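Next come the chains, spelled out residue by residue.
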Amino acid sequence: MNPLIEGIAAPLPFSNLDTDQIMPKQFLRIIDKAGLDRGLLYDLRFDEHGAQRPGFVLNQAAYAGTSVLVAGPNFGCGSSREHAVWGLQQFGIRAVIAPSFGEIFYFNAVNNGLLLVSLPAAEVDALLERVSNVGVSDSQQPAGNRVAIDVMAGQIRAADGWTASFALPERHRRMFAQGQDMVGASLLQLPEVERFEAAHWARHPWMKDVARTVRDRLNAA
């Protein structure tokens, strides 16, 4: 996975935007992940007749192809539905920047390769202001709503040169850079696990395969 994310950032300055709003319940009646992009933020994107709301940021031409959301605090709170993460990714979102995130949503995102960046509220507000004031894009002047996120360096850069630094646990940084989920990251430690296991059985040999030993004795009785 590319540890550099560059693209259009859209402002979504709502506090406590929960997973029920990110992915409404009517889009959970599926047996696979396909088509969840249609349900992303559905009630914000569409009215009761299914028509696009022109005032919503993701329906505006300047934010077509958005790959980064700049959001308010406690983004992704609420239910544990992983569909919220899948829908964001299917829509093309590769990162969300906010002051804070719902805990379960955070780990669902980590496990699926969706980058979540926590910044102080003042820095998020500064970035929100920048990506909300969209300039005209040409070969000399990049659009004001473009950002670059360097995962390995822990830095965000806006089109006007504004920067902010962020911290990411080393394990999560490595998982994102290498495209791993929790299982893949754990398997990298397999040699250490095997060494621990061998030492454990050497210290406690009578505990090894207790269930199988008991079963074999019962079968033989």
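Residues numbered from 1 in each chain as written. Predicted model: local features only at pLDDT ≥ 70, side-chain atom pairs only at ≥ 80, totals over all residues. Heavy atoms only, no water.

A. Up close: the side chain of asparagine 108. Summarising the element assignment, asparagine 108 is placed in helix H4 (residues 103–112). Aside from chain neighbours lying at most four places away, what touches asparagine 108 is Ser80, Arg81, Glu82 and Val85. (Helix = DSSP H or I, 4+ residues; strand = E, 2+ residues; numbered from the N terminus. Contact = heavy atoms within 4.5 Å.)

B. Quick peek at the environment of leucine 36. Summarising the element assignment, leucine 36 is placed in the loop between helix H1 (19–22) and helix H2 (42–45). In sequence terms leucine 36 and glutamine 90 are 54 residues apart; their C-alpha atoms lie 6.8 Å from each other. Ignoring anything within four residues of it in the chain, the contact list for leucine 36 reads Met23, Phe27, Ile30, His83, Trp86, Gly87 and Gln90.

C. Region of interest: the domain arrangement of the protein chain. Domain annotation of the protein chain identifies domain 1 (4–169) and domain 2 (185–220). Once you take the C-alpha centre of each, domain 1 and domain 2 turn out to be 45 Å apart. (Domains from an automatic or database assignment.)

D. Spotlight on the sheet that holds strand S6 (residues 155–158). One open sheet accounts for seven strands, arranged S4-S3-S2-S1-S5-S6-S7; its pairing is mixed. Strands at the two margins of the open sheet, each flanked by one partner only, are strand S4 (115–118) and strand S7 (163–165). Direction aside, the axes of adjacent strands within the sheet are offset by 25 degrees on average. One ladder, built from four bridges, connects strand S1 (residues 4–12) with strand S2 (residues 68–71); its direction is parallel. Counted as the bridge partner of alanine 9 is valine 68 from S2. (Pairing = 2+ DSSP bridges. Axes fitted to C-alpha atoms, helices over the stretch in contact; angles between N-to-C directions.)

E. Local environment of the pattern of salt bridges. Evaluation of the coordinates by the stated rule reveals six salt bridges. Taking the shortest distance from any N to any O, the salt bridge between aspartate 160 and arginine 130 comes out at 2.9 Å. With aspartate 160 in the loop between S6 and S7 and arginine 130 in helix H5 (residues 121–132), the pair connects residues that are 30 residues apart, well separated along the chain. Classification of aspartate 160 as exposed rests on a relative accessible area of 52%. Residue classification places arginine 130 among the partly exposed positions, given a relative accessible area of 26%. Two residues, aspartate 209 and arginine 212, come together in a salt bridge whose shortest N-O distance is 2.8 Å. Relative accessible area serves as the criterion here: at 46%, arginine 212 is assigned to the partly exposed category. Salt bridges here are not isolated pairs; linked through shared partners, they connect Glu170, Arg173 and Arg174. (Salt bridge = Lys/Arg side-chain N within 4 Å of Asp/Glu carboxyl O. Buried < 20%, exposed > 50% of the residue type's maximum accessible area, 1.4 Å probe, protein only.)

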